[in-house]
Structure formats: C-alpha cells, structure tokens
Amino acid sequence: MNIILLGPPGAGKGTQARRLVEERGMVQLSTGDMLREARTSGTEMGKQVAAVMDRGDLVTDEIVIGLIREKLQDGAGNGYIFDGFPRTLPQADALGALLEEEGETLDHVIEMRVDDEVLVNRVAGRSTCGNCGEVYNDQTKPIPADGKCTVCGGSDFKRRGDDNADALKTRLLAYYKQTSPLLGYYYAKGQLEGVNGLGEIEDVAGEIKALLG
Ligand code: AMP
C-alpha cells in the first residue's frame, strides 16, 4: 500500500509518517529529509538547494523527482509514505508514471487539514531529536527537563533553519500557490481523503488508521 500525506508545513505529516513506519513497517520518503541530508553531507546538489530551502521556496521538480526515482528503485515491501512529495502538478504526474513503471499503485491520498494560525505556533516552536528524529514542540510537547529524548535518550536537539516566521510565510505561499492544486488533482481522480490535523497526535493517527484499514 502506497500513500501520500498532503498538507502545509507543520500539518503533522512527518509525525504521522514516523508512526506508520513504526506500526506498519512502511518506508517514509520525505524529500525534505533527503534534501537536508544532501546539505549536511555537502554534496553539489546540497549546496545548490541550500539558499532556496532557507528562503522557504521549492527546489526544482527535476531534483526532487530524481531523488524519488532513486528511492523507488530500492523497493518497499510494506509500501511507501510520500511525505512532502509531490508538491507540484508536474511532480504528481511524475509520481504516477514512476509508480506505474515499478508496477506499484497509489492507494491513498490523505489531506491533513489544519488552520494557518496553528501552523505558525507548531513550526516556530519545533525541534527534533538529532539522533532518532522525534519531534518536540516548545508549547505542546517540550523537550523533557532532563534534556533527554523520550524515545532514544539522545540529547542533541536540532531546530530547522527554515522554521522561522519569514521562511514560514514563503513556505505557506508555496503551499497555496504550487501544492494546493494537488487537492483538486487527486479529488478529480477520486483519490482524495482527509483527516482533521488539528487533533491530538493519537486522534489524527486513529483517523488515518480508519482510512487505511
Ligand atoms: P519539508 O521538510 O517537507 O518541509 O521540506 C523542506 C524544504 O525542502 C521545502 O521548503 C523546500 O524548499 C524543499 N522541498 C522538500 N520537498 C520538496 C518538493 N517535493 N518539491 C520542492 N521542494 C521541496
């Protein structure tokens, strides 16, 4: 089973994707994570995309489609979760073609519905464990007082360079201008489903579970 999690920055796509990886052994394909990794390891491509990402704009379709093409060749027994991809109509077309080439289907497209006001707080207060990727939030899920990750015990927490008010504005604009047309695209194909992304993590997970069966 292959699924797309669609929604603006801070909607909770990564958090829910991580749960699905743990609970169902699915493979999370986050183009954002792949691009950040390319930056950390200092590849040419990583250097090329750094400024665009820090600003909050989208990197080229060519680059992200290339990343996904490579990953799909590895195969995923229990299915893929596309997290942060596709983000444009050409990416959506490319994903359809790539899945077809691999003999795979797209089984669920889940929109995580949230309010813009919530996103600002979620994104501005966000940090992740540098070791296991667990997501924390200053207001709703602060890093424990002992400074240790509740999942892995790690103590190296990171804040993303683009989790600031200016970049968030650009990221939201990119979402509404370039990504939100995908809602109509998948609706017209009869594939769009939605969950209330404003609820507690457990409740959102429950709604997703009900859709996936
Ligand atoms: P994310 O972690 O999904 O919020 O992505 C972080 C940043 O990486 C975005 O703001 C974009 O600059 C870039 N990015 C990630 N995925 C894509 C994509 N599918 N298309 C274009 N740019 C992307």
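Below or above, wherever it landed, is the structure these notes cover. (Residues numbered from 1 in each chain as written. Predicted model: local features only at pLDDT ≥ 70, side-chain atom pairs only at ≥ 80, totals over all residues. Heavy atoms only, no water.)

### Let's talk about the sheet that holds strand β6 (residues 135-137)
(1) Moving on: An order of β6-β5-β7 is seen for the 3 strands of this open sheet, with the pairing classed as antiparallel. Edge positions in the sheet fall to β6 and β7 (157-158), since each of these pairs with one other strand and no more.
(2) Moving on: One ladder, built from 2 bridges, connects strand β5 (residues 126-129) with β7; its direction is antiparallel. Opposite T128, over in β7, you have K158 as the bridge partner. (Pairing = 2+ DSSP bridges. Helix = DSSP H or I, 4+ residues; strand = E, 2+ residues; numbered from the N terminus.)

### Considering helix α1 (residues 13-24)
(1) Moving on: Taking 1.5 Å as the rise per residue, α1 with 12 residues should run 16 Å; its terminal C-alpha atoms sit 16 Å apart, in good agreement.
(2) Moving on: Positive phi shows up at G25, right after α1, with a value of about 65 degrees. (Expected span 1.5 Å × (residues − 1).)

### A look at the environment of I110
(1) Moving on: Inspection of the secondary structure puts I110 in strand β4 (residues 108-113).
(2) Moving on: In the structure, I110 is positioned 39 residues away from K71 in sequence and 21 Å away in space, judged by C-alpha atoms.
(3) Moving on: Contact partners of I110, with chain neighbours within four places excluded, come to I4, L5, L6, E193, V195, I208, L211 and L212. (Contact = heavy atoms within 4.5 Å.)

### Quick word on the site of the ligand
(1) Moving on: Near the ligand you find 16 residues, and of these T31, R36, D57, G84 and Q91 are the closest.
(2) Moving on: The separation between an oxygen atom of the ligand and a polar side-chain atom of R36 is 2.9 Å.
(3) Moving on: Here the ligand has 480 Å² of accessible area as a free molecule, and 96% of this is covered by the chains.
(4) Moving on: Within the shell around the ligand, the residues separate by chemical class into 6 nonpolar, 4 polar and 6 charged. (Near = heavy atom within 4 Å. Polar contact = N/O pair within 3.5 Å; in protein donor to acceptor, adjacent residues only side chain to side chain. Areas by Shrake-Rupley, 256 points an atom, 1.4 Å probe, with all protein chains shown as cover. Nonpolar A, V, L, I, M, F, W, Y, C, P; charged D, E, K, R; others polar.)

### Here we look at the packing of aromatic side chains
(1) Moving on: Scanning the entire structure with this criterion turns up 4 aromatic pairs.
(2) Moving on: Plain terms: the ring middles of Y175 and Y176 are 5.3 Å apart, the flat faces sit at 80 degrees to each other, and that makes the pair edge-to-face.
(3) Moving on: Looking at Y176, the relative accessible area reads 39%, which means it is partly exposed.
(4) Moving on: The ring of Y136 is capped by K141, whose NZ or CZ atom sits 5.2 Å from the centre of that ring. (Phe/Tyr/Trp six-rings, centres within 6.5 Å; stacked < 30°, edge-to-face > 60°. Buried < 20%, exposed > 50% of the residue type's maximum accessible area, 1.4 Å probe, protein only. Lys NZ or Arg CZ within 6 Å of the ring centre and 35° of its normal.)

### Overview of helix α2 (residues 31-40)
(1) Moving on: Turning to α2, its buried residues are T31, G32, M34, L35 and A38. Along the axis of α2, the buried residues cluster in a sector spanning 165 degrees; they form a single face. Exposed and facing more than 90 degrees away from the buried side of α2 are E37 and T40.
(2) Moving on: Its buried side turned inward, α2 meets β2 (27-30), α3 (44-55), α4 (61-72) and β3 (80-83).
(3) Moving on: Once α2 ends, the next one or two residues include G42, with phi positive near 70 degrees. (Arc of directions from axis to C-beta.)

### Notes on the layout of surface pockets
(1) Moving on: Taken as a whole, the second largest pocket encloses approximately 160 Å³ of empty space.
(2) Moving on: Lining the second largest pocket we find A92, D93, L95, G96, L99, E104, T105, L106, Y185, Y186, K189 and Q191.
(3) Moving on: At the level of elements, α5 (89-101) and α8 (181-188) are the ones that each hand at least two residues to the lining of the second largest pocket.
(4) Moving on: For the lining of the second largest pocket, the leading source of residues is α5, giving 5 residues.
(5) Moving on: Classifying every residue of the lining of the second largest pocket by side-chain character gives 6 nonpolar, 3 polar and 3 charged. (1 Å grid on protein atoms, 1.4 Å probe; cavity = no way out; pocket = protein on both sides within 12 Å on 5 of 7 lines; lining within 4 Å. Points joined across faces, edges and corners; volume = space filled by probe spheres on them.)

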